[in-house]
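Now for the letters of each chain:
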Amino acid sequence: MSIHTQNGLSERLETAQKAKQALLEKFRSRPGPDDPDFQKRQAERRAIAEARAKREAAKEAIRRAEAERFAAEEAARKEAERIAAEEAELKRLEEEEARAKARPKQIYREIAAYAEARAKAAARGGRR
């Protein structure tokens, strides 16, 4: 077990004062804004920030171009779908119209076949 030393209040205050003084001296010894090394580091940081900003702008331009391309492709796809749907509807209407025109002819053929069958039946003597 370690032995605790009994420090008095004055010793603790003196130690705290020395620690504060050491921090203050450390702060004062730092180079100021007019120091060449400080200015060099600041210039490097600015250059890095500018390069980062340029990269971000380039990425954003690429994203916008990609979004515009995607939107154009989507619009072209929708237009193609719309045209295909219109063509299918037109084809359906033409087929329906052709069936409508053919319907009376088919009815007349069915009537003629029915009449012919009745005539044959009547010629055979029909039902008695």
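Criteria and thresholds
Residues numbered from 1 in each chain as written. Predicted model: local features only at pLDDT ≥ 70, side-chain atom pairs only at ≥ 80, totals over all residues. Heavy atoms only, no water. Helix = DSSP H or I, 4+ residues; strand = E, 2+ residues; numbered from the N terminus. Rg over C-alpha atoms; globule rule 2.2 N^0.38 Å. Buried < 20%, exposed > 50% of the residue type's maximum accessible area, 1.4 Å probe, protein only. Areas by Shrake-Rupley, 256 points an atom, 1.4 Å probe, with all protein chains shown as cover. Lys, Arg positive; Asp, Glu negative; His and termini not counted. Charge placed at Lys NZ, Arg CZ, Asp CG, Glu CD. Expected span 1.5 Å × (residues − 1). Salt bridge = Lys/Arg side-chain N within 4 Å of Asp/Glu carboxyl O.

Asks: Can you help me understand the overall build of the chain in this one?
Replies: A count of helices and strands for the chain gives two helices and zero strands. Its C-alpha atoms give the chain a radius of gyration of 49 Å, more than 25% over the compact-globule value 14 Å for 128 residues. By its C-alpha atoms, the chain is 145 × 50 × 20 Å across when sized along the principal axes. In the chain, which comprises 128 residues, the proportion classed as buried is 0%. Accessible surface for the chain amounts to roughly 12,300 Å². Of this, 57% is attributable to carbon and sulfur atoms. Averaging the locations of the 32 positively and 25 negatively charged side chains of the chain gives two centres separated by 7 Å.

Asks: What am I meant to see in helix α1 (residues 9-28) here?
Replies: Residues that lie three or four places apart on an α-helix share one face, since the helix turns once every 3.6 residues. Its 20 residues give α1 an end-to-end C-alpha distance of 29 Å, which sits within 8% of 28 Å, the value for a rise of 1.5 Å per residue. The element α1 is largely exposed, with a buried count of zero among its 20 residues.

Asks: Would you mind showing me how to read the pattern of salt bridges here?
Replies: Side chains carrying opposite charge are able to pair once their charged atoms draw close together. Following the criterion strictly, the structure yields 14 salt bridges and no others. Beyond isolated ion pairs, a larger network of salt bridges with shared partners links E60, R63 and R64.

Asks: Just to check I follow, could you spell out helix α2 (residues 36-124) for this structure?
Replies: Between its first and last C-alpha atoms α2 spans 128 Å; for 89 residues at 1.5 Å apiece the expected length is 132 Å, and the two agree. Residue G125 follows α2 closely and has a positive phi angle near 120°.

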